[in-house]
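# Reading the structure
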Amino acid sequence: MTDQRVAAARAQITTGALDAIFNENSNLENRFPVPVFQCVQIKKLGSQGDSNPERYRIVLSDVSNFVQSMLATQANHVVHDDKLKKGSIVRLKSYQANAVKGKRILIVLDLEVIEHLGEMDKIGEPVALMVKEEQDIKPMNTTISGDGFYGNSGGKPQQQQQQVQKSLPSRPTGNTSIYPIEGLSPYHNKWTIKARVTNKSDIKTWHKQTGDGKLFSVNLLDQSGEIKATGFNDQCDLLYEQLQEGSVYYISGCKVQFAKKQFSTLPNDYELTFERDSVVEKAEDSDEVPQVQYNFSTVGDLQTIEKDATIDIIAVLKEVHEVSQIVSKTTSRPYDKRDLTIVDESGYSVRMTIWGKGAVSFDANPEAVVAFKGVKVGDFGGRSLSLLSSGSMAVDPDIPEAHRLKGWYDSNGRTNNFASHSNLASAVAAGGRTDVIKTIAEVRDENLGLNGEEADYFTTKATVVYVKNENFAYPGCMSEGCSKKVIDVGDGWRCEKCNIVHPRPEYRYIMQASINDPFGQIYVSCFDDQARVILGRTADELMEMAENDPAAKDKVFEDSICKSYNFRCKAKMDTFQDQQRVRYQALSVTPLDYAKEATKLAALIDSYHLTG
Amino acid sequence: MASAETPRVTSRYLDAFTSKNVRIVGTVTKLMGTDAHIDSEGQVRILLGPDSHLTMGHAVEVIGKVNHDLSIKAFRTTDFGDRFDMGAHLKLVEASHVVKELFYTPV
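Just so you know, these numbers come straight off a predicted model, no measurement behind them.

Let's shift gears to the overall build of chain B. The secondary structure content of chain B amounts to one helix and six strands. Element order for chain B, N to C, with α for helix and β for strand: β-β-β-β-β-β-α. The proportion of buried residues among the 107 residues of chain B is 40%. Sequence-distant contacts in chain B: of pairs separated by 6 or more residues, those separated by 24 or more amount to 51%.

Written out as structure tokens, the structure reads:
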């Protein structure tokens with residue numbers, strides 16, 4: 001029985017892994033993706049004080065070799081839960097290989113005990129690991145889990161990044177030499193990154209007095225971040241063909257310098273320069289390197305984004321215009337451009353301009369979802385967008401935002417009217433005034449309209465309580481734009497102003513309504529447009545009903561009460577028979593958008609600063 | 001036995017109302033025959049009754065009883081369509097728990 005157990009355990013143990021980790025770590029993730037060892041010894045180290053958790057030193061064996069290891073405190077639970085015991089078989093999910101004073105040490109960050117194998121005596125006769133070179137291995141983190149282990153480098157504000165990954169982010173790897181792009185700095189140059197080329201520029205040449213030169217650059221991306229890399233002259237020739245957009249490479253030996261921000265829009269303080277000793281190798285396994293990182297803004301956000309900012313955006317194509325050519329005034333060179341109109345769920349539309357080859361060969365159809373990366377925000381006509389040469393676009397990408405947009409467009413978006421950033425009139429009422437919202441109590445208390453000649457304007461949400469149902473209309477002139485009262489001259493109706501006699505008048509409302517809100521009541525007078533909203537009929541129709549069917553006319557008035565609207569009003573002093581009174585006139589009566597009103601009320605509730 | 005009150009909740013209030021009747025509004029994210037998932041500040045599993053007709057992507061109001069696993073057995077569902085302002089609704093739910101006495105008998 002015991003022999004069977006030992007055999008089972010031995011079969012699981014990854015013999016040779018230790019040698020590989022410390023001496024021959026090329027292709028480690030393929031050969032030993034998850035090392036399995038026997039724990040032949042556990043020792044608790046003397047505690048360093050009450051506040052520090054205890055530390056365990058364990059000896060791990062892969063049957064051929066053994067190595068001293070330290071259990072990281074975050075993995076202490078396996079000992080506390082009594083899972084890890086002397087003789088247990090364990091799986092290393094995350095570890096670091098270190099050399100301390102010439103001795104090889106494994107730091108175990110996360111391990112799993114294979115409990116069903118049980119514990120047993122030391123299997124085989126493992127010997128101490130022979131080292132190939134006496135070289136201190138600088139501790140490098142060996143797990144690349146998608147959560148940005150390096151997420152915060154020196155207080156740089158990290159934005160929420162959405163990653164397009166093909167496989168699960170938490171893949172345990174045992175590779176000691178892959179460095180995250182976020183960790184690159186000029187102070188450390190023994191690194192290798194594994195990154196995807198998201199963008200390759202054309203070869204650019206320059207001619208100066210000092211000589212001629214050429215360069216090209218690529219944008220490199222891995223889970224931790226992005227960085228630009230440039231190859232000049234010889235390196236340009238060597239690497240231009242080798243580096244392909246979309247492929248993943250192991251890159252090392254480049255110079256890390258401070259980024260020249262005017263040539264790059266990537267959010268990295270540094271950039272790379274390929275040198276003679278730089279090594280670029282294509283990576284076979286590229287699954288865990290994301291395709292493109294997006295950080296989307298919405299079209300509605302654009303109002304608040306400043307001019308010249310660089311953003312990413314995903315939206316539905318509403319219109320595609322023709323390609324045109326413009327000649328640059330500065331360089332006298334022609335540029336191809338194409339305008340697109342894009343919309344998204346924020347309800348806004350904006351113009352996007354794309355340039356060059358991308359513009360000429362653009363073939364996406366309206367209603368397609370397009371993701372743009374590297375878009376410059378301009379203020380032409382309010383707000384406009386331009387795709388940078390270092391940017392990219394993807395039509396109908398397979399990412400959740402695209403599916404969501406498609407779903408929204410299919411159900412709502414198609415029929416929507418979009419607010420355009422190119423009319424700067426957003427919430428501005430006609431006449432250029434912004435809405436001043438008051439309760440009726442405030443209207444009275446603040447004596448709006450009582451100050452002499454000037455009128456006060458306000459908007460209030462109120463309910464129609466009573467509408468005067470006599471003398472509610474007058475005969476008006478039929479001429480377009482003229483609303484003067486016309487006089488019945490027997491065989492027609494004469495307008496004094498236009499000097500025309502019309503066959504019949506066009507009745508216009510002069511309606512008085514009593515409106516209430518929870519705090520007060522006022523009478524407002526309404527002219528034709530406003531009264532039409534409240535009564536739902538034209539004055540002509542109502543006058544006819546008054547003649548022929550008074551009951552129907554009464555019903556119209558009955559139906560008009562108990563309805564709420566937003567009333568935009570003018571309050572002004574009026575002198576009538578020696579008496580001065582404030583008169584309120586409704587300039588516009590609009591039905592309520594309940595969602596908006598609810599949000600307004602919620603804001604009001606918030607301002608009360610209630611605590612739970 | 002249970003009172004006729006149905007406090008308005010979202011997923012994060014559910015564990016305070018286990019075995020009680022609640023009213024929850026969310027967007028339908030999954031339909032699986034007798035079960036559905038809705039998103040109401042988090043995913044909630046709904047065990048549907050025989051006459052519930054939900055539409056993917058629409059907002060729906062579910063009145064039902066909260067089970068111990070925080071799923072809800074629906075008594076009644078009402079389709080709220082696809083133009084529902086969830087933001088305003090969430091504000092309502094939040095406010096109703098701040099001044100709970102106005103909305104339900106606090107436990």
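Still more to cover.
With that out of the way, let us pick up the nonpolar core. Residues and elements named next belong to chain A. Membership of the largest hydrophobic core comes to 39 residues, with the highest contact counts inside it found for Val524, Ile534 and Phe567. In terms of residue count, the dominant contributor to this core is strand 33 (residues 564–576) (five residues). Excluding anything up to four places from it in sequence, Val524 contacts Met511, Gln512, Ala513, Ile515, Cys569, Tyr584 and Ala586. Of all hydrophobic cores here, the second largest spans 27 residues; its members include Leu18, Ala20, Ile58 and Val67.

The interhelical angle for the contact between helix 12 (residues 594–607) of chain A and helix 1 (residues 86–98) of chain B, taken along N-to-C directions, is 35°, at an axis separation of 9 Å. Regarding helix 12 of chain A and helix 1 of chain B, the two cross each other, and that crossing is left-handed. Touching Ala595(A), Ala598(A), Thr599(A), Ala602(A), Ile605(A) and Asp606(A) of helix 12 of chain A are Ala88(B), Lys91(B) and Ala95(B), all from helix 1 of chain B. For the contact of helix 12 of chain A with helix 1 of chain B, a count of residues per class yields six nonpolar, one polar and two charged.

All told, the structure shown has 24 salt bridges over all chains when counted by the stated rule. Its salt-bridge partner being Lys555(A), residue Asp559(A) comes within 3.0 Å of it at the nearest N-O pair. Pair noted here: Asp559(A) and Lys555(A) are both in helix 11 (residues 550–560), with a separation of four residues, about one helical turn. Judged by its relative accessible area of 38%, Asp559(A) falls in the partly exposed class. Since its relative accessible area comes to 46%, Lys555(A) is described here as partly exposed. Ionic pairing is found between Asp606(A) and Lys91(B), a salt bridge with its closest N-O pair at 2.5 Å. Residue Asp606(A) is located in helix 12, and its partner Lys91(B) is located in helix 1; the two belong to separate chains. Judged by its relative accessible area of 27%, Lys91(B) falls in the partly exposed class. Several salt bridges share partner residues, and in doing so they unite Arg91(A), Lys93(A) and Glu112(A) into one network.

A word on the environment of Phe557(A). Residues and elements named next belong to chain A. When you line up the elements, Phe557 lands in helix 11. Residue Phe557 is classed as buried on the basis of its relative accessible area, which comes to 4%. As for Phe557 and Lys468, which are separated by 89 residues in sequence, their C-alpha atoms are 8.3 Å apart. When neighbours within four sequence positions are excluded, Phe557 is seen to be in contact with Val467, Lys468, Asn469, Phe472, Leu535 and Leu542.

The rules we used
- Residues numbered from 1 in each chain as written.
- Chains lettered and ligands numbered in written order.
- Predicted model: local features only at pLDDT ≥ 70, side-chain atom pairs only at ≥ 80, totals over all residues.
- Heavy atoms only, no water.
- Helix = DSSP H or I, 4+ residues; strand = E, 2+ residues; numbered from the N terminus.
- Buried < 20%, exposed > 50% of the residue type's maximum accessible area, 1.4 Å probe, protein only.
- Contact = heavy atoms within 4.5 Å.
- Core = buried A, V, L, I, M, F, W, Y, C linked by side-chain atoms within 4.5 Å.
- Axes fitted to C-alpha atoms, helices over the stretch in contact; angles between N-to-C directions.
- Left-handed = near helix turned anticlockwise from the far one by under 90°.
- Nonpolar A, V, L, I, M, F, W, Y, C, P; charged D, E, K, R; others polar.
- Salt bridge = Lys/Arg side-chain N within 4 Å of Asp/Glu carboxyl O.

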